[in-house]
Amino acid sequence: MTYPPVFDGHNDWLTAREPTGPTGRSFLERRAEGHLDLPRGREGGFAGGLFAVMAPARPMVNPPSRQSARKRPPSARKASAPADFVATPFAPVDRRDAQDFVIQKMADLFSQEVESGGQLKVVRSVAELKRCLRAKTLAAVIHFEGAEPIDPDLDALVVFHRAGLRSLGIAWSRPNAFGHGVSFDFPGSPDCGPGLTDAGRALVRACNELGILIDVSHLNEKGFRDVAVTSDAPLVATHSCAHALCPAPRNLTDRQIDAISASGGLIGVNFHTGFLREDGRPDPDTPLTAIVRQIDYIAGRIGIEGVALGSDFDGATMPNALGDAAGLPRLMEALRAAGYTGSALRKIAHENWLRVLGRTWKPS
Ligand code: ZN
(Lines give C-alpha, C1' and ligand atoms only; values in the text may rest on other atoms or scores of the structure.)
Protein backbone atom coordinates (compact mmCIF):
# COMPACT_ATOMS: atom_id res chain seq x y z
CA MET A 1 0.00 0.00 0.00
CA THR A 2 1.38 3.43 -0.83
CA TYR A 3 0.27 6.44 1.15
CA PRO A 4 0.52 10.15 0.46
CA PRO A 5 3.75 11.77 1.71
CA VAL A 6 3.58 13.32 5.17
CA PHE A 7 4.44 16.95 5.84
CA ASP A 8 4.72 17.27 9.58
CA GLY A 9 4.06 20.28 11.81
CA HIS A 10 6.70 19.70 14.46
CA ASN A 11 9.87 17.81 15.33
CA ASP A 12 12.58 18.50 17.88
CA TRP A 13 15.40 16.71 16.05
CA LEU A 14 17.53 19.84 15.75
CA THR A 15 16.90 21.01 19.31
CA ALA A 16 17.60 17.58 20.79
CA ARG A 17 20.67 16.82 18.68
CA GLU A 18 24.13 17.06 20.18
CA PRO A 19 26.27 17.80 17.12
CA THR A 20 29.53 16.66 18.70
CA GLY A 21 30.49 13.86 21.03
CA PRO A 22 29.23 10.32 21.43
CA THR A 23 25.56 11.30 21.46
CA GLY A 24 25.90 13.22 18.19
CA ARG A 25 23.30 12.10 15.68
CA SER A 26 23.78 12.79 12.02
CA PHE A 27 20.50 13.29 10.20
CA LEU A 28 21.91 11.16 7.39
CA GLU A 29 22.53 7.98 9.40
CA ARG A 30 19.93 5.60 10.65
CA ARG A 31 19.93 5.41 14.44
CA ALA A 32 18.05 3.35 16.97
CA GLU A 33 17.55 6.24 19.41
CA GLY A 34 15.16 9.14 18.90
CA HIS A 35 12.42 9.20 16.28
CA LEU A 36 13.72 10.90 13.17
CA ASP A 37 16.57 10.80 10.68
CA LEU A 38 16.76 10.73 6.89
CA PRO A 39 16.69 6.93 6.46
CA ARG A 40 13.74 6.46 8.84
CA GLY A 41 11.98 9.49 7.35
CA ARG A 42 12.36 8.06 3.84
CA GLU A 43 11.11 4.65 4.96
CA GLY A 44 8.02 6.13 6.62
CA GLY A 45 7.05 8.62 3.91
CA PHE A 46 8.09 11.62 6.04
CA ALA A 47 8.52 14.18 3.26
CA GLY A 48 9.39 17.13 5.47
CA GLY A 49 8.19 19.37 8.20
CA LEU A 50 8.79 22.17 10.63
CA PHE A 51 12.16 21.69 12.34
CA ALA A 52 11.90 23.40 15.71
CA VAL A 53 14.70 25.23 17.48
CA MET A 54 14.11 25.99 21.14
CA ALA A 55 16.55 27.43 23.68
CA PRO A 56 16.88 24.84 26.47
CA ALA A 57 14.31 24.79 29.27
CA ARG A 58 15.63 25.63 32.72
CA PRO A 59 13.65 25.42 35.92
CA MET A 60 12.77 28.66 37.62
CA VAL A 61 14.99 29.37 40.61
CA ASN A 62 12.76 29.69 43.71
CA PRO A 63 9.50 29.92 41.77
CA PRO A 64 6.84 31.82 43.70
CA SER A 65 4.10 29.32 44.46
CA ARG A 66 0.78 29.54 42.66
CA GLN A 67 -0.78 30.25 46.01
CA SER A 68 1.40 33.28 46.68
CA ALA A 69 0.92 34.49 43.11
CA ARG A 70 -2.84 34.39 43.67
CA LYS A 71 -2.51 36.20 46.97
CA ARG A 72 -0.70 39.12 45.44
CA PRO A 73 -2.88 42.23 45.08
CA PRO A 74 -4.63 42.54 41.72
CA SER A 75 -2.45 45.54 40.82
CA ALA A 76 0.66 43.34 41.12
CA ARG A 77 -1.02 40.45 39.34
CA LYS A 78 -1.93 42.59 36.37
CA ALA A 79 1.80 43.11 35.86
CA SER A 80 2.81 43.95 32.35
CA ALA A 81 6.37 42.66 32.86
CA PRO A 82 6.17 39.03 31.76
CA ALA A 83 8.52 37.72 34.45
CA ASP A 84 6.04 38.87 37.11
CA PHE A 85 3.53 36.24 36.14
CA VAL A 86 4.29 32.64 37.04
CA ALA A 87 2.25 30.26 34.92
CA THR A 88 4.90 27.59 34.38
CA PRO A 89 7.90 26.33 36.33
CA PHE A 90 10.31 27.30 33.52
CA ALA A 91 12.55 30.33 33.78
CA PRO A 92 12.64 33.07 31.13
CA VAL A 93 15.64 32.87 28.81
CA ASP A 94 18.06 35.69 28.11
CA ARG A 95 17.78 36.98 24.54
CA ARG A 96 21.49 36.74 23.78
CA ASP A 97 21.68 33.16 25.06
CA ALA A 98 18.67 32.28 22.90
CA GLN A 99 20.25 33.97 19.86
CA ASP A 100 23.53 32.09 20.33
CA PHE A 101 21.56 28.85 20.56
CA VAL A 102 19.42 29.33 17.44
CA ILE A 103 22.36 30.56 15.35
CA GLN A 104 24.34 27.46 16.30
CA LYS A 105 21.37 25.20 15.46
CA MET A 106 20.66 26.92 12.13
CA ALA A 107 24.33 26.59 11.17
CA ASP A 108 24.12 22.94 12.13
CA LEU A 109 21.06 22.41 9.92
CA PHE A 110 22.73 24.19 6.99
CA SER A 111 25.83 21.99 7.33
CA GLN A 112 23.64 18.85 7.38
CA GLU A 113 21.93 20.18 4.26
CA VAL A 114 25.30 20.48 2.49
CA GLU A 115 26.47 17.08 3.75
CA SER A 116 23.27 15.46 2.50
CA GLY A 117 24.23 16.12 -1.12
CA GLY A 118 20.72 17.19 -2.09
CA GLN A 119 18.72 14.74 0.04
CA LEU A 120 17.78 17.37 2.66
CA LYS A 121 16.79 20.91 1.77
CA VAL A 122 15.90 23.94 3.89
CA VAL A 123 12.82 25.38 2.17
CA ARG A 124 11.72 29.01 2.17
CA SER A 125 8.75 29.00 -0.22
CA VAL A 126 5.81 26.81 -1.17
CA ALA A 127 7.26 26.42 -4.68
CA GLU A 128 10.45 24.97 -3.16
CA LEU A 129 8.42 22.76 -0.86
CA LYS A 130 6.36 21.39 -3.77
CA ARG A 131 9.55 20.72 -5.75
CA CYS A 132 10.93 18.79 -2.78
CA LEU A 133 7.73 16.73 -2.49
CA ARG A 134 7.93 15.82 -6.18
CA ALA A 135 11.66 15.02 -6.07
CA LYS A 136 11.43 13.16 -2.75
CA THR A 137 13.91 15.57 -1.18
CA LEU A 138 13.30 15.87 2.54
CA ALA A 139 12.12 19.46 3.17
CA ALA A 140 13.03 21.27 6.41
CA VAL A 141 11.27 24.48 7.45
CA ILE A 142 13.05 26.47 10.16
CA HIS A 143 10.75 27.09 13.13
CA PHE A 144 11.58 28.88 16.39
CA GLU A 145 9.68 27.46 19.33
CA GLY A 146 9.45 30.67 21.37
CA ALA A 147 10.39 34.19 20.27
CA GLU A 148 13.20 34.63 22.83
CA PRO A 149 15.87 35.20 20.13
CA ILE A 150 13.92 38.20 18.78
CA ASP A 151 14.64 41.72 20.06
CA PRO A 152 11.79 44.18 20.75
CA ASP A 153 12.80 46.29 17.74
CA LEU A 154 12.32 43.15 15.61
CA ASP A 155 15.65 43.57 13.78
CA ALA A 156 16.52 39.94 14.52
CA LEU A 157 13.20 38.85 13.01
CA VAL A 158 14.12 40.47 9.69
CA VAL A 159 17.61 38.94 9.74
CA PHE A 160 16.44 35.45 10.72
CA HIS A 161 13.73 35.63 8.05
CA ARG A 162 16.41 36.38 5.45
CA ALA A 163 18.32 33.36 6.75
CA GLY A 164 15.31 31.07 6.35
CA LEU A 165 13.02 31.45 9.38
CA ARG A 166 9.49 30.74 8.16
CA SER A 167 7.60 29.78 11.32
CA LEU A 168 7.56 31.20 14.84
CA GLY A 169 5.85 30.12 18.04
CA ILE A 170 5.27 33.28 20.07
CA ALA A 171 6.02 31.54 23.37
CA TRP A 172 7.10 28.11 24.57
CA SER A 173 5.84 27.08 28.01
CA ARG A 174 7.50 30.02 29.76
CA PRO A 175 7.08 33.79 29.76
CA ASN A 176 8.96 36.03 27.35
CA ALA A 177 8.83 39.65 26.20
CA PHE A 178 5.98 38.89 23.77
CA GLY A 179 3.61 36.54 25.57
CA HIS A 180 3.05 33.68 27.97
CA GLY A 181 3.05 29.94 27.51
CA VAL A 182 0.95 27.27 29.20
CA SER A 183 2.15 24.79 31.80
CA PHE A 184 2.35 21.00 31.50
CA ASP A 185 -0.01 20.48 34.47
CA PHE A 186 -2.72 17.87 34.14
CA PRO A 187 -5.60 18.37 34.10
CA GLY A 188 -5.56 22.08 33.40
CA SER A 189 -6.81 24.95 31.32
CA PRO A 190 -4.88 26.95 28.71
CA ASP A 191 -6.59 30.03 30.16
CA CYS A 192 -3.74 31.09 32.45
CA GLY A 193 -1.94 34.39 32.51
CA PRO A 194 -2.27 37.58 30.51
CA GLY A 195 -2.39 38.04 26.75
CA LEU A 196 0.27 39.30 24.39
CA THR A 197 2.32 42.32 25.36
CA ASP A 198 2.43 45.37 23.05
CA ALA A 199 5.68 43.91 21.70
CA GLY A 200 3.83 40.63 21.08
CA ARG A 201 1.16 42.33 18.98
CA ALA A 202 3.87 44.17 17.02
CA LEU A 203 5.59 40.82 16.49
CA VAL A 204 2.39 39.31 15.05
CA ARG A 205 1.99 42.22 12.60
CA ALA A 206 5.65 41.95 11.55
CA CYS A 207 5.29 38.20 10.95
CA ASN A 208 2.24 38.93 8.76
CA GLU A 209 4.24 41.46 6.76
CA LEU A 210 7.26 39.22 6.28
CA GLY A 211 5.19 36.10 5.66
CA ILE A 212 6.26 34.11 8.73
CA LEU A 213 3.80 31.54 10.03
CA ILE A 214 2.66 32.22 13.61
CA ASP A 215 2.28 29.11 15.76
CA VAL A 216 -0.10 29.17 18.74
CA SER A 217 0.90 25.79 20.23
CA HIS A 218 2.20 26.41 23.80
CA LEU A 219 0.64 29.90 23.88
CA ASN A 220 -1.93 30.62 26.59
CA GLU A 221 -5.57 31.31 25.73
CA LYS A 222 -5.53 35.10 26.12
CA GLY A 223 -2.43 35.23 23.93
CA PHE A 224 -4.22 33.00 21.43
CA ARG A 225 -7.16 35.41 21.31
CA ASP A 226 -4.80 38.36 20.82
CA VAL A 227 -3.14 36.58 17.90
CA ALA A 228 -6.59 35.81 16.47
CA VAL A 229 -7.67 39.47 16.45
CA THR A 230 -4.28 40.86 15.39
CA SER A 231 -3.12 38.45 12.68
CA ASP A 232 -4.41 38.45 9.11
CA ALA A 233 -2.97 34.98 8.42
CA PRO A 234 -4.61 31.59 9.09
CA LEU A 235 -4.29 30.51 12.75
CA VAL A 236 -2.10 27.46 13.17
CA ALA A 237 -1.40 25.15 16.09
CA THR A 238 1.55 23.14 14.77
CA HIS A 239 1.50 20.40 17.44
CA SER A 240 -1.57 20.28 19.69
CA CYS A 241 -4.63 18.10 20.33
CA ALA A 242 -8.23 18.61 21.45
CA HIS A 243 -8.77 19.61 25.10
CA ALA A 244 -12.23 17.98 25.05
CA LEU A 245 -10.53 14.56 24.70
CA CYS A 246 -7.48 15.20 26.88
CA PRO A 247 -7.71 18.16 29.27
CA ALA A 248 -4.05 19.22 29.14
CA PRO A 249 -3.36 22.98 29.04
CA ARG A 250 -1.29 22.29 25.91
CA ASN A 251 -4.44 21.18 24.08
CA LEU A 252 -6.99 23.38 22.32
CA THR A 253 -10.43 24.18 23.67
CA ASP A 254 -13.41 23.89 21.32
CA ARG A 255 -13.54 27.66 21.13
CA GLN A 256 -9.90 27.76 19.98
CA ILE A 257 -10.52 24.98 17.47
CA ASP A 258 -13.47 26.95 16.06
CA ALA A 259 -11.37 30.14 15.82
CA ILE A 260 -8.66 28.24 13.92
CA SER A 261 -11.30 26.98 11.50
CA ALA A 262 -12.83 30.44 11.02
CA SER A 263 -9.39 31.76 10.00
CA GLY A 264 -8.85 28.97 7.46
CA GLY A 265 -6.01 27.55 9.58
CA LEU A 266 -5.14 24.09 10.80
CA ILE A 267 -4.19 21.93 13.77
CA GLY A 268 -1.23 19.56 13.51
CA VAL A 269 -2.30 16.71 15.77
CA ASN A 270 0.47 15.90 18.26
CA PHE A 271 1.41 12.22 18.74
CA HIS A 272 2.56 12.75 22.34
CA THR A 273 0.67 10.13 24.33
CA GLY A 274 0.26 12.56 27.26
CA PHE A 275 -1.75 14.91 25.00
CA LEU A 276 -3.77 12.11 23.36
CA ARG A 277 -5.03 10.15 26.35
CA GLU A 278 -7.99 11.08 28.51
CA ASP A 279 -5.91 10.41 31.63
CA GLY A 280 -3.03 12.57 30.39
CA ARG A 281 -0.45 9.84 31.06
CA PRO A 282 2.61 9.83 28.78
CA ASP A 283 2.28 6.09 28.26
CA PRO A 284 3.87 4.46 25.21
CA ASP A 285 1.30 1.68 25.54
CA THR A 286 -1.28 3.85 23.74
CA PRO A 287 -2.90 2.59 20.54
CA LEU A 288 -2.77 4.44 17.23
CA THR A 289 -6.54 4.78 17.47
CA ALA A 290 -5.86 7.49 20.08
CA ILE A 291 -4.38 9.65 17.29
CA VAL A 292 -7.26 8.70 14.97
CA ARG A 293 -9.75 9.69 17.69
CA GLN A 294 -8.19 13.17 17.88
CA ILE A 295 -8.34 13.53 14.11
CA ASP A 296 -11.97 12.32 14.09
CA TYR A 297 -12.89 14.85 16.74
CA ILE A 298 -11.27 17.84 15.03
CA ALA A 299 -12.43 16.84 11.53
CA GLY A 300 -15.92 16.22 12.92
CA ARG A 301 -16.03 19.67 14.46
CA ILE A 302 -14.41 21.84 11.77
CA GLY A 303 -14.02 19.62 8.71
CA ILE A 304 -11.13 17.76 7.16
CA GLU A 305 -9.53 21.05 5.98
CA GLY A 306 -8.61 21.96 9.55
CA VAL A 307 -6.66 18.88 10.56
CA ALA A 308 -3.10 17.78 9.80
CA LEU A 309 -0.19 16.13 11.59
CA GLY A 310 2.30 17.59 14.09
CA SER A 311 4.20 14.57 15.40
CA ASP A 312 6.54 16.08 18.04
CA PHE A 313 9.14 13.47 17.00
CA ASP A 314 12.26 13.61 19.20
CA GLY A 315 10.42 15.71 21.77
CA ALA A 316 7.68 13.49 23.18
CA THR A 317 6.56 10.00 24.20
CA MET A 318 5.33 8.25 21.05
CA PRO A 319 2.91 5.31 21.04
CA ASN A 320 4.91 2.06 20.75
CA ALA A 321 2.62 1.11 17.88
CA LEU A 322 4.12 4.00 15.89
CA GLY A 323 7.66 3.90 17.26
CA ASP A 324 9.31 6.51 15.08
CA ALA A 325 9.10 8.19 11.66
CA ALA A 326 9.52 4.81 9.95
CA GLY A 327 6.21 3.79 11.55
CA LEU A 328 4.12 6.47 9.81
CA PRO A 329 2.61 3.97 7.32
CA ARG A 330 1.01 2.22 10.32
CA LEU A 331 -0.70 5.49 11.24
CA MET A 332 -1.77 5.98 7.62
CA GLU A 333 -3.19 2.47 7.68
CA ALA A 334 -5.10 3.20 10.89
CA LEU A 335 -6.52 6.35 9.26
CA ARG A 336 -7.46 4.42 6.12
CA ALA A 337 -9.18 1.80 8.25
CA ALA A 338 -11.14 4.62 9.94
CA GLY A 339 -12.43 5.79 6.56
CA TYR A 340 -9.87 8.43 5.54
CA THR A 341 -8.96 7.62 1.95
CA GLY A 342 -8.16 9.47 -1.27
CA SER A 343 -8.35 13.24 -0.98
CA ALA A 344 -9.18 13.16 2.78
CA LEU A 345 -5.96 11.29 3.50
CA ARG A 346 -3.95 13.59 1.22
CA LYS A 347 -5.34 16.65 3.01
CA ILE A 348 -4.36 15.30 6.43
CA ALA A 349 -0.96 14.11 5.20
CA HIS A 350 0.21 17.31 3.46
CA GLU A 351 -2.34 19.21 1.37
CA ASN A 352 -3.77 21.23 4.26
CA TRP A 353 -0.26 22.27 5.21
CA LEU A 354 0.47 23.35 1.62
CA ARG A 355 -2.74 25.41 1.53
CA VAL A 356 -2.01 27.21 4.81
CA LEU A 357 1.66 27.85 4.02
CA GLY A 358 0.59 29.15 0.60
CA ARG A 359 -1.74 31.65 2.28
CA THR A 360 0.90 32.67 4.84
CA TRP A 361 4.33 32.78 3.22
CA LYS A 362 5.30 35.27 0.52
CA PRO A 363 6.25 33.83 -2.86
CA SER A 364 10.02 33.94 -3.46
ZN1 ZN B 1 6.44 21.88 21.72
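Nothing here was measured: the structure is a model prediction, and the numbers come from that model.

### Re the packing of aromatic side chains
Piece 1. One pass over the structure, following the stated rule, counts 10 aromatic pairs.
Piece 2. An angle of 50 degrees between the planes, with centres 5.8 Å apart, marks the rings of tryptophan 172 and phenylalanine 184 as tilted. Taken together, the residues span a long stretch of sequence, with tryptophan 172 in the loop between strand S5 (165–169) and helix H8 (198–210) and phenylalanine 184 in the loop between S5 and H8 at a distance of 12 residues.
Piece 3. Taken together, the aromatic side chains of Trp13, Phe27 and Phe51 make up a single cluster linked through ring pairs.

### Side note on the confidence of the model for the chain
Piece 1. The share of residues in the chain with pLDDT of 70 or more is 91%, and the mean pLDDT across the chain is 92.
Piece 2. Confidence over residues 67–85 falls short of pLDDT 50; this stretch has 17 contacts with residues more than four positions distant or in other chains.

### Overview of the coordination of the zinc ion
Piece 1. Bound to the zinc ion are the protein donor atoms Glu145 (OE), His218 (NE2) and His239 (NE2), situated 2.0 to 2.2 Å from the metal.
Piece 2. Going along the chain, you hit the donors of the zinc ion in the pattern E-x72-H-x20-H. Of the two residues, glutamate 145 is situated in strand S4 (residues 138–145) and histidine 239 in strand S7 (residues 236–240); the sequence distance between them amounts to 94 residues.
Piece 3. Note on glutamate 145: relative accessible area 4%, which makes it buried.

### Re the pairing of S4
Piece 1. Burial of S4 is extensive: 8 of the 8 residues sit out of reach of the surface.
Piece 2. The alternating pattern of S4 places Leu138, Ala140, Ile142 and Phe144 on one face and Ala139, Val141, His143 and Glu145 on the opposite face, and all of these are buried.
Piece 3. Bridge count between strand S2 (residues 46–53) and S4: 6 bridges; the pairing is parallel. Within S4, the position partnered with valine 53 by the bridge is phenylalanine 144.
Piece 4. Two elements, strand S3 (residues 120–122) and S4, share 3 bridges in a ladder whose sense is parallel. Within S4, the position partnered with valine 122 by the bridge is alanine 140.
Piece 5. Where S4 meets S5, 4 bridges bridge the pair, whose relative direction is parallel. Its bridge partner lying in S5, isoleucine 142 is registered against leucine 165.
Piece 6. Handedness of the crossover joining S4 and S5 through helix H7 (residues 155–163) is recorded here as right-handed.

Rules used throughout
Throughout, a residue's number is its position along its own chain's written sequence, starting from 1. Local features are withheld for residues below a pLDDT of 70 in this predicted model, meaning they are given only at 70 or higher, and side-chain atom pairs are given and counted only at 80 or more; totals for whole chains, interfaces and linings count all residues. Hydrogen atoms and water are omitted, and side-chain values are computed over all heavy atoms in the structure. Each Phe, Tyr or Trp ring, with Trp reduced to its six-membered ring, pairs with another whose centre is within 6.5 Å; inter-plane angles below 30 degrees give stacked pairs, above 60 give edge-to-face pairs, and intermediate values give tilted ones. Elements are defined by DSSP. Helices are runs of H or I of four residues or more, strands are runs of E of two residues or more, and each kind is numbered from the N terminus. As a per-residue measure, pLDDT tells how confident the predictor is, with possible values from 0 to 100. The contact rule is simple, with two residues in contact once any of their heavy atoms fall within 4.5 Å. Here a donor is any nitrogen, oxygen or sulfur atom (N, O, S) within 2.8 Å of the metal, with 3.2 Å used for Na, K and Ca; water is not among the atoms considered, so some sites may look incomplete. For the exposure calls, accessible area comes from a 1.4 Å probe over protein chains only, and a residue counts as buried if that area is under 20% of its type's maximum, exposed if over 50%, partly exposed in between. Any two strands with at least two DSSP-identified bridges between them are counted as paired. Here the term right-handed applies to a crossover when the path leading from its first strand over the helix to its second strand runs clockwise, the strands being oriented away from the viewer.

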